[in-house]
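Commentary on secondary and tertiary structure
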Amino acid sequence: MINFTKMHGLGNDFVVIDAINQQVALTPETIQLLSDRHFGIGFDQLLLVEKPVNANADFKYRIFNADGGEVAQCGNGARCFARFVRDKKLSAKDEIRVDTNSGQLLLRFDDDNLVTVDMGVPRHAPAQIPLLAEEESRFYTVLVNGTEKAFGAVSMGNPHAVIQVTDIKTAPVAELGKALESHAFFPERVNVGFMQVVDRQHIKLRVFERGAAETLACGSGACAAVVIGIEHNLLDHTVSVELPGGTLTVSWPGRDQPVLMTGPAISVFEGQIPL
Ligand SMILES: N[C@H](CCC[C@H](N)C(=O)O)C(=O)O
């Protein structure tokens, strides 16, 4: 049996597993089955807590989408990771350094039970996102379902396309999100954010996530949208990001600086997987 904790960050939900004190070997097929909300446990992503790779880190953090694919970043998951290692007494630190497949994250507990994640420095070069363009641009356009679509693109350690819309309630998230997620322009597929700018310190956002479809919140997507909005001079340096599942605070001073994201992390229940 494998013990797990079911958690969420603004409704973006996770199964979190201590793979330090348990032997865990999950295939993509098993993860897909476990992610099913009828035949399995149900989650957007599965998170593994492992021993660190680097001497200066406290843990390694691995992320698997509902489709079973391993990815390198998950902002809401990072906050839940921090809550998990504290609740399970795997660490008593107020600041936790975590190795991931896209570099290191710094996770910090705030006084009011929120968690702030240093999400690292955004990457803008096409090869780093990645996407198939000769050079970096503030806007890219591709033909999707017969129409030209313009968007900004950035990597937060995972790839994000951000489309500005006038009203997220009517945005074509399912149709356009799915078409762009697997568009040939993105060799590793992409997370697709639909951003409505309310004012310079407030956006509304919906995200069609790579490998998970639309989620109630996307932490790295919130960071990507704020970065694109600041790059397009639409936003100030600290922004409230209102997602269907709740609100995150995202700050970015500018190029070559890290993005900070603050929000809640909730444990829902404990369970066991019969493996
Ligand atoms: N679907 C994302 C991973 C999870 C990101 C999201 N849940 C977050 O909070 O950042 C990807 O394939 O890159």
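Computed from a prediction, not measured in an experiment: that's the story for all the values here.

So, the domain arrangement of the protein chain
Under the domain assignment, the protein chain is made up of domain 1 (2-117 + 264-273) and domain 2 (126-257). Taking both sides of the interface into account, the surface hidden between domain 1 and domain 2 amounts to around 1100 Å²; carbon and sulfur atoms contribute 49%. When the area that domain 1 buries against domain 2 is broken down by residue, the three leading residues are L10, D67 and Q73, summing to 41%. On inspection of domain 1 and its partner domain 2, the count reaches one salt bridge. Two residues, R189 and D67, come together in a salt bridge whose shortest N-O distance is 3.0 Å. At the surface where domain 1 touches domain 2, the tally comes to eight residue pairs in polar contact (both at pLDDT 80 or more). Ranked by residues supplied to the side of domain 1 that touches domain 2, first place goes to helix α2 (residues 75-87) with three residues. Residue composition of the side of domain 1 that touches domain 2, by class: four nonpolar, nine polar and three charged.

Here we look at the UniProt feature "binding site: substrate" (unreviewed entry) in the protein chain
What UniProt calls "binding site: substrate" (unreviewed entry) maps, in this numbering, to N12, Q45, N65, G75, N76, N158, N191, E209, R210, G219 and S220. Of the annotated set, the members that line the largest cavity are N12, Q45, N65, G75, N76, N158, N191, E209, R210, G219 and S220. The exposure class of R210 is buried, given its relative accessible area of 8%. Setting aside residues no more than four positions away along its own chain, R210 makes contact with N65, V71, N158, P159, E181, E188, R189, V190 and N191. Relative to the elements of secondary structure, G219 occurs in helix α4 (residues 219-231). Not counting residues up to four positions away in its chain, the partners in contact with G219 are G75, N76, L248 and M261.

Criteria and cut-off values
- Residues numbered from 1 in each chain as written.
- Predicted model: local features only at pLDDT ≥ 70, side-chain atom pairs only at ≥ 80, totals over all residues.
- Heavy atoms only, no water.
- Domains from an automatic or database assignment.
- Buried area = accessible area lost by both parts, 1.4 Å probe.
- Salt bridge = Lys/Arg side-chain N within 4 Å of Asp/Glu carboxyl O.
- Polar contact = N/O pair within 3.5 Å; in protein donor to acceptor, adjacent residues only side chain to side chain.
- Helix = DSSP H or I, 4+ residues; strand = E, 2+ residues; numbered from the N terminus.
- Nonpolar A, V, L, I, M, F, W, Y, C, P; charged D, E, K, R; others polar.
- UniProt positions renumbered as here; feature names shortened; annotations may be inferred.
- 1 Å grid on protein atoms, 1.4 Å probe; cavity = no way out; pocket = protein on both sides within 12 Å on 5 of 7 lines; lining within 4 Å.
- Buried < 20%, exposed > 50% of the residue type's maximum accessible area, 1.4 Å probe, protein only.
- Contact = heavy atoms within 4.5 Å.

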